[in-house]
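Listed below, chain by chain, are the residues.
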Amino acid sequence: MAGLLAAGPAIARIPLRAITGDQTPATLRILEALKHRFAGLLIVNDVKAMANREAAAIYFAIGPAALVAASTSGLHGPVLSLFTSRQTFEQIVAKAAGGDHSRAVTAIYAEASPDSQLRLIAAIFQRRVSVGVLLTPATAHLGPLLARAARDVGLEINVHHAAPGANIVRELNRLSTSDVLLAIPDASLYSADSVQNILESTYRRGQPIVGLSQGLVGAGALASAYASAEDIAAQSEELLDELEAGRIPEARYPAYWRVAVNDSVARSLNIVISDEARSLGDRPPPDRAR
Amino acid sequence: MLTRIEPPRGAATWTSFPRRITRLRSIMLAPLVAGIPALAAEAYPEGSDAEMLPSVVTPTRLRQPLRDVPASVTVITAEMLARMGIVNVPDALRLVPGMQVTESSGNGILINYHGTNNRLPRRLNVLVDGISVYRPGLSQIQWAQLPVSIDDIERIEVTRGPSSPAYGPNSMMAVVNIITKHPADVERASMTAGAGDHGVRRIHTRVAGNFGRTSMHLAASAESTHGFDAFTDQAQGHDTTSAKRLLARSQTTIDERTRLEGEMAYVEGSNESPFKGDFEDYADMRLRDFYVGSTLTTRLSSRHELQLRASYSDHQTRQEWVACFPQAAYLPEMFSLWQANPNYANAIAAGQIPSGGTSADDLLAARAIVAIRGLGSAAFQPLCAMANQNLNESRFDVELQDTYITSEQLRFVTGVGLRHQRAQSQTFLGGAASNSLYRLFGNVEYKPSRLLTLNIGAHAEHDPIVGWSLAPRGGANLHISPNQTLRVAVSRGLRTPDLAEQHANFTYAGPVVSPGFDSNRMVRFFQSAKSPGNMRNEELISTEVGYLATAPAWGLSVDMKIFEDRLRHLISEVVTVAGFTPTNNNSTTLRGAELQAATSWSPDWSGFLNYAYLDNVDATTFWERTQYSRHSGSLGVAHSIGGGWRWSLAYYGASGNGDGESRYGRTDLTIGRRFLSACCNAEFGLTLRRLDNTVTTYILSGPTLESSLDSRFQTLAWLRASF
C-alpha cells in the first residue's frame, strides 16, 4: 500500500466499506480509527441490500456478527475480518465454507499472537519461568506453535489438554506448578460463566494470568499483549495492496501490538513490571490517510 | 502428685464479558452473537481490583501486597510443603524465621514465635480459615489435632510480630493463619497415603463437586505416630498420637455481589502421656473437637465490602487415670489444712511436724494429725481413685467487618465483634467459668505518595475482669524503588489471661477404685489451688525495622528485619495443683535480626534461606528462657530433574540456648516423581531424614527431661493420586 501511494496519485482505488454489528462504544471507537486512516470509508447498514446493488468493494467486517453477515451475504469483494478472534474467525468461515463467498475472506485476528504474549511473559519475569496453557480440541493445533515460541524466548511451556465440558477451574490444578498461566482465546474455556472463577482461583494460588486481551487485564489478569484499534487500522492499510490486487492474503495475527498491565494485580502478586516490559511491542509507522 | 499433675500441655471472548462479572469489573460490551465470541476492545482503567485479591490478608485485615504490609510475613505454599516433603504443620513452621518449635513427645509440641516460656506456649494465635483454634480454657493449641491435615492446606501465612492490633489479645507474639484449599479449586477426588518410621501413618481422601452455585468439598483424614522411643526414667515410649478428621468447606455464590462460605470440621484424637509417676498411671488424653463457621461477604459497591463471620467451636478433653496415693492424702482434714497453709500440709505428708504458722494453722494441723492417726497403718497404704483433667471448652464468635476504599490512596477496615467462651471442668475450675468479650478494631492504609504507605490500626477489647485494653500499631513503608521497601513498625501486643488463669479452682476428686472399698465413695486429693482472679493482660511492645527487596531476574525475594520486643506483665507461673500463685510480675526483652530469602531462579531450581538471631535478655525468671535459641534457621534447595522427577535437600536447625534446651538439627532429602495423564495425576515422594541429635532435652516443670529416639534416621514415604 505504501508503495502504491508513493507511486503516484492517479491510481484508481476500490471503495472501502465497513460492516458493523452494533453501535457499542467499542465499535464506534474502532470505526473512528478506521475512518481516521481511510478517509473515504463508508459504513454499511444493510449488508444484503449492499450485496445486491453495489459493485466491487473491500469490506471491513468489524467483529463476529459483522463477519457472519459479510460472509453469508454474497458481497462483491473481499472481506477483511477485524476484531474477531482466530478461533471465532475459523468457526465462522468454516460454517460459511459451502457458500461461494467464503473464499474471499481474510482476517487480522483480534488477539495478539502467542509469540507476542510469550515475549511479554519473558520480559515481565526476566528469567526462565514455566508457562501453563490450557488447550481444548479447538485450540490443540496451537500446541506446537506455543512450544516453538516459548523455546525462542527461553520459557518452559506446560500444556494441559482439557476435555470439552470439563470444569476449567479444577483443570487448573494440572498447571498448579506453573509460574504463570497464558490465556489463549478459546470460547469453551474463557466464557462469561468461567472467567470470574478462573481469575479468582488463580488469585488464590498467587498464580498470574497473562493474556488474552486488554479487557481481561481490566478484569484481573496481570498483563496482556494487545493490538489497539489504531494498530489494527494501520495493518489493514498494509493489506489493502494485496486485496486491491485481487489477492486474498492469509489470515494473520496483528503485526502491531502493545502491552496492557493491571498494576493493582501486579502489586497484589508482588510482581514488579519493568518499564522495558511495559513498552514492549511493535508500533505502526505514522498513519497516512487514504 | 506434687510435681506430676499439671494441666495438659499443652470469548472467545478475548476481551469482554457480560456485566454480571461486576465483582471483577463492570465490562460494558455484551456478546454480539449468542454463542459466538464477543467483540470488545474497551480500555479499562487500572485501579481498584486489588481489594479482591488474596495477596496477604493477615497483618492488617486489609488485603495488601507485601510491600505495603507493616509487618514481616512468611508465606508457605502447598507446593513448597510438597516439594520439601513436609507432612505436618509444626514442621512447616520450622520454615518461619524465629519460630521456636520444641517436640517434647509425639504430642507435646510446644511452639512460640521467639520462644520464651516452654511450659506455656500460649502467646501465639492460630487461625484456620479465620477460626481460632486457640482454646479458651487453658490457652492450648493441640497441634497434633488441628482440624486440618497437611493435604488440606493451600498456604500458611505467618505474621511475625504482634498481631493483636488486627486479631486481638491472643495474637500477642504472632499469628499463624492456615488457609485451606478452596472447594472450587481442588480436584474432583484425591487420595493420599503415607507411612514412615516411628509408626508414622497417614491417609487423606477428598471429594469435591459443584452443585448449582455451590462448590464444596469433603475431606476425611487419619494420622498417627508412635513418637519417641524413650523418656526420662521411662524405658519405653508412651506417646502415641492419633487424629481422625472430617473437614467440609463450601462456597455459594448467592448473586453477583454476595457469597456465603461455610466450614465444618470434626476431629477425634488421642494423646498418650509419656510419663507416669510412682503413684499414678499414664494420664492419656482423648480429644474431640467440633468447629463450624460461616462467612457472608457482600460487596455494596466496587469500593465497599461487608463481611459477617460467625463461628462456634467445642472442645472436649477426656483425661482420666488411676492415682494410688496413701489414704492420708485423701483426708478432708488434710485438704482443709492445705487450703490454710500448704507448707503445713506438705510437712505432715512428709512425716514432719509443721511449725511457724498461725494458731489456726496449728489447730488444723492437729486435726489432720489426729485423722491420720485414726486411720492407723492404713494411712500409709495406697488407696486408688480415679483422677481426671476432663475439660470442656467452647467459643462462639461473631464479627462484622467493613472494608471501604475511598481511593487508591486511602483504605479502611473497621469492625466489631463479640466472643463468648466457656470452660467446664471440676478439676480445673470446680465447675464452669465463662466470659463475654467485646471488641472494636480498625486499620487505615494511607498512601500519601507512590513512595510511602502508612498503616495505623488498633484493636480494643473489653474483658469482664481486665476491662478495656487497646492494642495499637503504626507502620510506615518507604518504597525506595519498585523493588525495595524499607519498613518501620511499632505495635503493642496483648494476651488476655485465659479462663483457668482467672478462675482456677484446682482440685482432684474421683471415685475410689481400690478393691474392697465402696466404689461409690468419692475422695479428694489434699492439694488444691485457686486463682486470685485479678490477672491483667500480658503485654508486648514491639519495634521493628524491615527491608523487603525483590530481584525478578533471579526470582529472588528477601525480607530482613531487626527488632526489639519488650515483654511485660508476664504470667510465667503454670496452673498446678501443688501451687498456683500467678502474678503479672515477670518480664523479658527480646532483640534480634531475621532474614528470609527465597528464590525460584528457573522452573527447575528453587531455594530458600531463613535465619534468626535472638537475644533473650533481662528475663526476670528462668522460665522465660526455657524456649530460646540464639540461632535458628533453615536452608533448602529443590530441583526438577525432568521426566517428572524432582529432589530437594533441606536443613533445619536451632541452637537451643534455653535453660535445659537441646540443640536441634535435621536434614531432609526428598525424592519424588509426578505422573501426569489425561485422566489423573499421581505422585510419590520419599523423604530420608537425619537428625543431628537423637535426644531432645527440655524443662517443663522440674528437672531437665529427655525424649529420645533409637535412631537418628527416619524414612517417610507417600503416594498421592487425584482425578
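Residues numbered from 1 in each chain as written. Chains lettered and ligands numbered in written order. Predicted model: local features only at pLDDT ≥ 70, side-chain atom pairs only at ≥ 80, totals over all residues.

K.L.:
Would you take a moment to explain the environment of B:A423 for this structure?
P.N.:
Residue and element names in this part refer to chain B. Positionally, A423 belongs in strand β18 (residues 410-425). For the pair A423 and S355, spaced 68 residues apart in sequence, the C-alpha separation works out to 39 Å. In this view, A423 contacts P136, G137, L391, N392, E393, L429, A432, A433 and L499; residues no more than four positions away in its chain are not counted. (Helix = DSSP H or I, 4+ residues; strand = E, 2+ residues; numbered from the N terminus. Contact = placed C-beta atoms within 7 Å.)

K.L.:
What am I meant to see in the sheet that holds strand β11 (residues 230-231) of chain B here?
P.N.:
One open sheet holds the 3 strands; their spatial order is β11-β34-β33 (chain B), and the pairing between them is antiparallel. Two strands bound the open sheet, and with one partner strand each, they are β11 and β33 (695-698) of chain B. (Pairing = 2+ DSSP bridges.)

K.L.:
When you look at unusual backbone geometry in this model, what are you seeing that I'm missing?
P.N.:
Negative phi values dominate among residues other than glycine, just as trans dominates among peptide bonds. Within the chain, A:N270 stands out as a residue other than glycine whose phi angle is a positive 60 degrees. If you trace the backbone, A:N270 turns up in the loop between α12 (263-268) and α13 (275-278). Notably, B:D618 is not glycine yet its phi reads approximately 60 degrees, a positive angle. One can find B:D618 in the loop between β28 (605-617) and β29 (631-642). By C-beta crowding, B:D618 is classed as partly exposed, having 13 other C-beta atoms within 10 Å. (Buried ≥ 20, exposed ≤ 12 C-beta atoms within 10 Å, placed from the backbone.)

K.L.:
Even after reading the chapter, I still don't get the pairing of strand β20 (residues 452-463) of chain B, so can you show me in this structure?
P.N.:
Regular strands place their side chains on alternate faces of the sheet. All names here are of chain B. Residues T453, N455, G457, H459, E461 and D463 point to one face of β20 and are all buried, whereas L452, L454, I456, A458, A460 and H462, pointing to the other face, are not buried. Relative to β20, strand β19 (residues 431-449) runs antiparallel, the two being bridged by 10 bridges. Within β20, the position partnered with N443 by the bridge is G457. Once β19 ends, the chain turns through 2 residues before running back antiparallel as β20. Relative to strand β21 (residues 467-481), β20 runs antiparallel, the two being bridged by 12 bridges. Along β21, the bridge assignment pairs L454 with A476. From the end of β20 to the start of β21, which pair antiparallel, there are 3 residues.

K.L.:
Can you help me understand the nonpolar core in this one?
P.N.:
Generally speaking, nonpolar side chains in soluble globular proteins are found buried as a group. Counting residues in each nonpolar core, the largest one holds 99 residues, and the members touching the most others are A:I19, A:A61, A:I121 and A:A223. Built from parts of two domains, this core gets at least three residues from each of domain 1 (2-110 + 228-244) and domain 2 (114-226 + 258-278) of chain A. Filtering out sequence-adjacent residues up to four positions away, A:I121 remains in contact with A:V131, A:L155, A:V180, A:L182 and A:V210. Core analysis: the next-biggest nonpolar cluster, separate from the first, contains 71 residues, B:I153, B:M173, B:A174 and B:Y291 among them. (Core = buried A, V, L, I, M, F, W, Y, C linked by C-beta atoms within 7 Å. Domains from an automatic or database assignment.)

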